[in-house]
Amino acid sequence: MPAESTPAPDPAPAAPSSDAAVLPPARRRRLRAEVWIVLGLSLGQSAFYAALRLVERLTREQALSQQTATLNPTRSPRPYLDLTYQVAGIAFALVPVALALYLLSDHGRSSLRRIGLDGSRMGRDLGVGAGLAALIGIPGLAFYLAGRALGLNVLINPAGLDAYWWTVPVLILAALQNSLLEEVVAVGYLMERLLELKWSVPAIIAASALLRGTYHLYQGPGMAIGNVVMGVVFSWYYLRRRRVMPLVVAHTVLDVVSFVGYAVLPAEWLEVLGVA
């Protein structure tokens, strides 16, 4: 089979202009309001509740390291209702993604091409995404275990679903949903809008990374810091390449390994890995 041709490098994005007059004041006000609305409906809301959850955890008598955060929990003891709840939750969680993409398509531009969520470079995106997953995932596991040892993280149960025939497919869909929501909203949408608002590059990277860290606070300060680091790496990559697809691939791989691995691996293996 012939090797895939290497595409030309993406052009470096233009640096945000410091001339605030380029953006009309009415457009600036509208964009600011739009960003707050989108975040208020999605990850900004999650960040607020995650911060409250951390306060609640820290004020318990039980030590933080002895507490558990369960992801993808069972919603009903009846399997068909549980499946309905899971699928509906995944579908409705993607509505802010659709909203962000719709808003980025203003002036007739394709939002998918604008943030690089299309399939034009799928081979390269898959390779870069796998590399980013390894870059983040392997140190991330060590960081999680270190945080647990220092009492900075809760025990994370990534797969709280009961064992049904549909458990693994739902966990894979949940991983994809998380990836699309976080990478489209916290990276593609937010960074494009902040570029329009003439924020500096360091401020844009900081805003995206801190948002990512904040909505993970419910897992403990250690995991929040780890996600800020991940956010810096992902934001830096996006500003260089203006493609969110590799980030979606990387995030999906990380979550699938975490969710499905926890659901299917024997308890003895999880104990050896230090995650049970």
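In this text the structure is predicted, and so the values were computed from the model without any measurement.

**Quick word on the overall build of the protein**
Each helix and strand counted, the protein has 11 helices and 2 strands in total. Its helices and strands in sequence order give the protein the pattern α-α-β-α-α-α-α-β-α-α-α-α-α, from N to C terminus. With 276 residues in all, the protein has 42% of them scored as buried. Long-range contacts, defined here as pairs at least 24 residues apart, represent 78% of the contacts in the protein between residues at least 6 apart. Element-wise, carbon and sulfur atoms account for 68% of the exposed surface of the protein, whose accessible area totals about 14,200 Å².

**Side note on the pattern of salt bridges**
When the charged atoms of two side chains lie near each other, side chains of opposite charge can form a pair. Following the criterion strictly, the structure yields 16 salt bridges and no others. Salt-bridge contacts for R193 lead to D106; the nearest nitrogen and oxygen are separated by 3.5 Å. Of this pair, R193 sits in helix α7 (residues 167-196) while D106 sits in the loop between α4 (95-104) and α5 (111-115), and the two are 87 residues apart along the sequence. Just as R193 is buried, D106 falls in that class too. Linking R193 and E196 is a salt bridge whose minimum nitrogen-to-oxygen distance equals 2.5 Å. You can see R193 and its partner E196 sitting in helix α7, 3 residues apart, about one turn around the helix. Grouping residues by exposure puts R193 and E196 together as buried. Linked through salt bridges whose partners overlap, the residues forming this network are R27, E34, D106, R109, R114, E192, R193, E196 and R242.

**Side note on the confidence of the model for the protein**
A low pLDDT means the predicted coordinates there should not be read in detail. Per-residue confidence for the protein averages 90 on the pLDDT scale, and 88% of its residues sit at or above 70. Confidence drops under pLDDT 50 across residues 1-21; counting only partners more than four residues distant or on other chains, this segment forms 23 contacts.

**Regarding the environment of A93**
Among the secondary structure elements, A93 is positioned in helix α3 (residues 79-93). Measuring from C-alpha to C-alpha, the distance between A93 and A174 comes to 9.7 Å, with 81 residues separating the pair along the chain. Leave out the neighbours within four places in its chain, and A93 touches Q177 and L181.

**Looking at unusual backbone geometry**
Positioned with a positive phi, K198 is a non-glycine residue whose angle comes to about 70°. The residue K198 is located in the loop between α7 and α8 (201-214) in this model. Here R242, not a glycine, exhibits a phi torsion of approximately 55°, which is positive. With respect to the helices and strands, R242 occurs in the loop between α9 (221-241) and α10 (245-264). Owing to a relative accessible area of 23%, R242 belongs among the partly exposed residues under this scheme.

**Considering the packing of α9 against α10**
Two elements in contact, α9 and α10, have axes separated by 10 Å at closest approach and are oriented at 155°. With respect to each other, α9 and α10 are oriented roughly antiparallel. Of α10, the residues touching α9 (which contributes M230, F234, Y237 and Y238) are P246, L247, A250, H251 and L254. The class makeup of the residues in the contact of α9 with α10 is 8 nonpolar, 1 polar and no charged.

**Thoughts on helix α6 (residues 122-149)**
For α6, which comprises 28 residues, the first-to-last C-alpha distance of 40 Å matches the rise-based estimate of 40 Å (1.5 Å per residue) to within 8%. In the structure, α6 departs most strongly from a straight axis at G140, where the bend amounts to approximately 25°. All of the buried residues in α6 are D125, G129, L132, A133, I136, Y144 and G147. Those residues of α6 that are buried are in contact with β2 (155-157), α9 and α10. G151 lies just past α6 and shows a positive phi near 75°.

Analysis parameters
Residues numbered from 1 in each chain as written. Predicted model: local features only at pLDDT ≥ 70, side-chain atom pairs only at ≥ 80, totals over all residues. Heavy atoms only, no water. Helix = DSSP H or I, 4+ residues; strand = E, 2+ residues; numbered from the N terminus. Buried < 20%, exposed > 50% of the residue type's maximum accessible area, 1.4 Å probe, protein only. Contact = heavy atoms within 4.5 Å. Areas by Shrake-Rupley, 256 points an atom, 1.4 Å probe, with all protein chains shown as cover. Salt bridge = Lys/Arg side-chain N within 4 Å of Asp/Glu carboxyl O. pLDDT = per-residue confidence, 0-100. Axes fitted to C-alpha atoms, helices over the stretch in contact; angles between N-to-C directions. Parallel < 35°, antiparallel > 145°, perpendicular 65-115°, else oblique. Nonpolar A, V, L, I, M, F, W, Y, C, P; charged D, E, K, R; others polar. Expected span 1.5 Å × (residues − 1). Bend = angle between axes of the 7 residues up to and from the residue.

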